[in-house]
Amino acid sequence: MELAEKVINRQSALQQERQKFEKIWKETAERLDPFGSILEGKMGDMSKMYSSRPLQDLARFAAAIESLLIPRGSIWHGLMPMDDELKENDEVQAWAEARAKKLFSVRYMAQSGFVANTQRMFRSLGCYGNQVLMTEEVLSRGPGGEDLPPIRYRMIPIIECFLATTAWGQVDTFYRVYKLTLRQIIQEFGTENLPEFLRMRMDRPDQLEEKFELIHAIDPALANDTTTQLPWPSVHVLKGHNHVLRQSGYYELPIHASSFVESDGQAYGWGPGMMALPDIKQLNIMNKTTIAAAEQAVSPAFATVQKLKRRLNLSANAINPDLVTDDGRLKIQPIVTGARPDIGEQLIAKKQMDISANFYGDLWQILVNKPDMTAYEAALRAQEKNELIGPPFAKQEEMLASMVMRENAILERQAADGIIDLPPRPEALQGRKLSLKFTSPMAKLRRAAEDVGIQRTLETAAQQAQFDPTIMDNFDHDKIIRARADINGMPADLMRPAEEVQASRQAKIEAEQQQALAAQQAQEVDTAGKALPIMEALGAAGIDPNQIAGGQIAEGGEEQFNA
């Protein structure tokens, strides 16, 4: 009871701190997320939406982040040792790539939920400026005894999350308030952990779908109040009934949270949707006004000289008797307001561009608007793109790094317990720590400046080499090509090890030397074959060939030879 009360009171205190964000989250949801959980009471109400353009911008934003940070179907990160002397070790590199591929195979397994939940997570980041992902280690089996993924992923809606940070601004406290039906509570916690009043309802099918509010707390401050010895205590409480459903813990913090633009001293931040909210409100008003103006222009009101006894029929080929005077003038005239819907449409188009800019829509087009650019121009534009969109996305990479490190720790624990198979660590890596290396398109954009610098330097050197070819001796071309391969994200297993390259080159040199020696020997044999008849003739004439070679000919020898 004391533990349950402590959890409930702590969650209540965190809720008070979060209230300043809740109002703007609700306003944003009304215009960008009408089916989100924030609008639980008004879910599906689209009465405050007069344009779907903001929804399209949000969808593009989420898709762009996914394609830049975690593109499906590609290796968007790798592992490497923290020690510099091991980074070039071929055995270590091969093991790191094998481990990274194992992580990807686990992450994208069926039923892991990674793809669907990360897509929802990025929409939350664009809409509310915050995203929270939970990685849960799975040790159980499915209802039919089938194997489940070793890791499951769950995006937690920000409205359910109550966060607190360390003095360094890192999230270390997580409280979640959510609802489950009685049937789901039984599935998750088992009947033995239910309070008595819920056990009495288990045999009543009509009450199995009744929902109850729960609190899940992951809080280091609860370490002395729980039975777990793990560094991250976890407690599930049935809110309103002060009943603890489960006490457990985690080896690593399973919550990975980040914001788009951080707020000073707060666990929550701001996102493009929140920043675009004033423009979205104006766009809705402008759309509503322009629609009304267009209706007035197409179907204007009419003025009459007297009250009509019947309704005016404006259908095609309709006849309206007694509406023309004897001198041919109409007794009814349209009221022309001079409304200009076209001006409203121009203003709407400009406002849509302003909203799109909040979602970085103009930057997604940097490489699209000029498809015929050279490789150098493309590198420069990639560098420019990174400088503009890199800073807010760097925080998302930091969040993903914490996720990958927990995934790797989970796999190593399960391999040690014999649940899964992993290739053993190389001897050189025993007791060493690993770090993360991003190879995503965003990481490539970030390193575009390096590629531009290399390319510019080589181009300058090539120009100077026309006057002094030795200028190229300044470059280690092997290191240059390996650096560019790394910058462009080429898989390391496609590059031959440096030792193997040197051995291949040495073998080629030795083969060329042997070929040259064989050619020389063949030439000497051919020369000797041609000289043999001459040597035999000299011998028959009594002339020593060695004397001819030494320039000594016996007296009378020339005449004898001629004879």
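All of these numbers come straight from a predicted model, not from anything done at the bench.

Asks: Explain helix α4 (residues 114-128) to me, please; I cannot follow it from the model alone.
Replies: Given 3.6 residues per helical turn, the α-helix brings residues three or four places apart onto the same face. Helix length check: α4 (15 residues) gives 20 Å between terminal C-alpha atoms against 21 Å at 1.5 Å per residue, within 8%. Among the 15 residues that make up α4, 11 are buried, leaving the element largely enclosed by the rest of the structure. Among the residues of α4, Phe114, Val115, Asn117, Thr118, Met121, Phe122, Ser124, Leu125, Gly126, Cys127 and Tyr128 are the ones counted as buried. One or two steps after α4, the chain reaches glycine 129, where phi turns positive at roughly 80°.

Asks: I keep staring at the environment of leucine 283 and nothing clicks. Help me out?
Replies: Its place among the elements puts leucine 283 in helix α8 (residues 277-298). Measuring from C-alpha to C-alpha, the distance between leucine 283 and threonine 228 comes to 53 Å, with 55 residues separating the pair along the chain.

Asks: What is the right way to read unusual backbone geometry from this model?
Replies: One can expect most non-glycine residues to show negative phi and most peptide bonds to be in trans. In this model, asparagine 242 sits at a positive phi of 50°, which is unusual for a non-glycine residue. Its location among the elements puts asparagine 242 in the loop between β7 (232-238) and β8 (243-250). With phi around 65°, asparagine 317 is a residue other than glycine that occupies positive phi space. With respect to the helices and strands, the residue asparagine 317 is situated in the loop between β12 (302-304) and β13 (332-334).

Asks: Help me understand empty space enclosed by the protein in this model?
Replies: Summary: where empty space remains is shown by rolling a probe the size of a single water molecule over the atoms. Overall, the coordinates contain 1 cavity of 30 Å³ or more when judged by the stated rule. As a volume, the largest cavity reaches approximately 50 Å³. In terms of lining residues, the largest cavity is bounded by Glu30, Leu39, Lys42, Asp45, Ser47 and Lys48. Among the residues making up the lining of the largest cavity, the classes are represented as 1 nonpolar, 1 polar and 4 charged.

Asks: Looking at this structure, I do not really get the nonpolar core. What am I missing?
Replies: Generally speaking, nonpolar side chains in soluble globular proteins are found buried as a group. Grouped together as the largest cluster of nonpolar side chains are 90 residues, with contacts concentrated most on Val7 and Trp25. When residues in this core are grouped by element, the largest group, 10 residues, is from helix α1 (residues 2-32). Filtering out sequence-adjacent residues up to four positions away, valine 7 remains in contact with Tyr175, Ile215, Ala217, Leu222, Val235 and Val237. The next biggest cluster of nonpolar side chains, apart from the first, holds 11 residues, and it includes Phe189, Leu194, Phe212 and Leu214.

Parameters and conventions
- Residues numbered from 1 in each chain as written.
- Predicted model: local features only at pLDDT ≥ 70, side-chain atom pairs only at ≥ 80, totals over all residues.
- Heavy atoms only, no water.
- Helix = DSSP H or I, 4+ residues; strand = E, 2+ residues; numbered from the N terminus.
- Expected span 1.5 Å × (residues − 1).
- Buried < 20%, exposed > 50% of the residue type's maximum accessible area, 1.4 Å probe, protein only.
- 1 Å grid on protein atoms, 1.4 Å probe; cavity = no way out; pocket = protein on both sides within 12 Å on 5 of 7 lines; lining within 4 Å.
- Points joined across faces, edges and corners; volume = space filled by probe spheres on them.
- Nonpolar A, V, L, I, M, F, W, Y, C, P; charged D, E, K, R; others polar.
- Core = buried A, V, L, I, M, F, W, Y, C linked by side-chain atoms within 4.5 Å.
- Contact = heavy atoms within 4.5 Å.

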